[in-house]
Amino acid sequence: MRNCEMKIDLDFLANYPLETFERGTVIFEKGKELKYVYYLTEGICAGMELMVNGAHTMPLFYHEKEFMGVAKELLMTGSNIPMGNCVAKTKVTVYKVPVEDFRIYLRQNPEVYQEVTKSVVKSQHEMLEIAHMRIRGNSVAIVCNCLAALMRPMWREKKDYYIPNLFTITDISANIQLHRVTVSRIMKRLTEAGIIEKKSYGWKVLDAKLLEEYAAGERLFE
């Protein structure tokens, strides 16, 4: 499961406003100047790049304690133009930090700069892996990768996980640009294999390790 929690001074964040966005809100758009970076305190967002034909690549999901709007362009070239959209997939709460304030903070805190840089590199690597899955036609890995990214801990101990019921098969298929029938078939196979189980609150993850092995393409259905 993707985990890019960053160590950051909460006193620094407290200088800026908290803002809430409803599900489906586009927080920032591809090609438009980025005035803020966003530190996610609650909810799930997805960063995705829109294509010329209106489709989009499979999104990277962002969770609590992650920055959104930080890309290699911002870190290395100073560009404030995002390469993709960022959409709230649940109701989310964020700190809005002006871009220039964020740059100053990174210059003054090299350990945070290193963490942010590692997160950006990791995100780019994940996008390449997802692109390779699509090229190879590995639909199982694509679906499982999405499910693993959407897993939420049921308890503070983070031992048991679930996928909230607002992420329906229709919603998942739209996110990853796969036909709903394909996603439904794969979810059925995952259920039969004892990896997930349908509940009233969503999908309970019975075997997170196995789900992530399918997500990484390390396993295939027999």
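Reading the values: rules and limits
- Residues numbered from 1 in each chain as written.
- Predicted model: local features only at pLDDT ≥ 70, side-chain atom pairs only at ≥ 80, totals over all residues.
- Heavy atoms only, no water.
- Helix = DSSP H or I, 4+ residues; strand = E, 2+ residues; numbered from the N terminus.
- Buried < 20%, exposed > 50% of the residue type's maximum accessible area, 1.4 Å probe, protein only.
- Areas by Shrake-Rupley, 256 points an atom, 1.4 Å probe, with all protein chains shown as cover.
- Axes fitted to C-alpha atoms, helices over the stretch in contact; angles between N-to-C directions.
- Parallel < 35°, antiparallel > 145°, perpendicular 65-115°, else oblique.
- Contact = heavy atoms within 4.5 Å.
- Nonpolar A, V, L, I, M, F, W, Y, C, P; charged D, E, K, R; others polar.
- Pairing = 2+ DSSP bridges.
- Polar contact = N/O pair within 3.5 Å; in protein donor to acceptor, adjacent residues only side chain to side chain.
- Phe/Tyr/Trp six-rings, centres within 6.5 Å; stacked < 30°, edge-to-face > 60°.
- Lys NZ or Arg CZ within 6 Å of the ring centre and 35° of its normal.
- Disulfide = S-S within 2.5 Å.
- Arc of directions from axis to C-beta.
- pLDDT = per-residue confidence, 0-100.

**Observations regarding the overall build of the protein**
Looking only at helices and strands, one finds 8 helices and 12 strands in the protein. Looking at the 222 residues of the protein, the share that counts as buried comes to 47%. Surface summary for the protein: the accessible area is close to 11,900 Å², and the carbon and sulfur share equals 53%.

**Regarding the packing of helix α5 (residues 139-150) against helix α7 (residues 180-192)**
Where α5 meets α7, the closest approach of the two axes is 10 Å, and the angle between their N-to-C directions is 75°. As summarised for this structure, α5 and α7 are arranged roughly perpendicular, according to the angle between their axes. Here α5 contributes S139, V140, V143, C144 and L147 to the contact with α7, which in turn contributes T182, V183, I186, M187 and L190. In the contact of α5 with α7, the residues fall into 8 nonpolar, 2 polar and no charged.

**Considering the sheet that holds strand β11 (residues 196-199)**
Taking strand neighbours across the sheet as the criterion, the 4 strands line up as β9-β10-β12-β11 in an open arrangement whose pairing is antiparallel. The outermost strands of the open sheet, each flanked by one partner alone, are β9 (152-153) and β11. As judged from the 2 bridges shared by β9 and strand β10 (residues 161-164), these two strands associate in the antiparallel manner. Its bridge partner lying in β10, R152 is registered against Y162.

**Regarding the side chain of N109**
As for its placement among the helices and strands, N109 is situated in the loop between α3 (99-108) and α4 (110-136). With a relative accessible area of 18%, N109 lands in the buried category. Polar contacts involving the side chain of N109 include one to the main-chain carbonyl oxygen of Y105, which spans 2.8 Å.

**Section: the packing of aromatic side chains**
Working definition: an aromatic ring pair is given by the centre-to-centre distance plus the angle between the planes. In the structure shown here, the tally under the stated rule is 8 aromatic pairs. Ring geometry for F12 and Y16: centres 5.3 Å apart, planes at 65°, overall edge-to-face. Each member of the pair, F12 as well as Y16, is classed as buried. Geometrically, the ring pair formed by Y36 and Y38 is tilted, given 6.4 Å between the ring centres and 55° between the ring planes. Given a relative accessible area of 6%, Y38 falls into the buried group. Feature note: the residues F21, F28, Y36 and Y38 constitute an aromatic cluster, connected by ring pairs. When the ring centre of Y36 is taken as reference, the NZ or CZ atom of K96 above it lies at 4.3 Å.

**Quick word on the state of the cysteines**
In protein structure, a disulfide is the covalent linkage between the sulfur atoms of two cysteines. Per the stated rule, a full pass over the model turns up 0 disulfides. No disulfide involves C86; its sulfur sits 4.6 Å from the nearest other cysteine sulfur, which is in C45. Sulfur of C144: no disulfide; nearest cysteine sulfur belongs to C146 and is 9.8 Å away.

**Let's talk about the pairing of strand β12 (residues 202-205)**
Successive residues of a regular strand alternate their side chains across the two faces of the sheet. Bridging between β10 and β12 involves 4 bridges; their strand directions are antiparallel. If you follow Y161 over to β12, its bridge partner there is V205. Two elements, β11 and β12, share 4 bridges in a ladder whose sense is antiparallel. Considered in β12, the bridge of E197 is made with K204. Between β11 and β12, which pair antiparallel one after the other, the connecting turn spans 2 residues.

**Some details on α3**
Looking only at α3, the buried set comprises V99, F102, R103, Y105 and L106. For α3, the angular spread of buried residues about the axis comes to 160°, placing them on one side. In α3, the exposed residues that point more than 90 degrees away from the buried face are R107 and Q108.

**Digging into the confidence of the model for the protein**
With 82% of its residues at a pLDDT of at least 70, the protein reaches an overall mean of 82. Summarising per-element confidence for the protein, the mean pLDDT is lowest in helix α2 (residues 72-77) (58) and highest in strand β1 (residues 18-21) (96).

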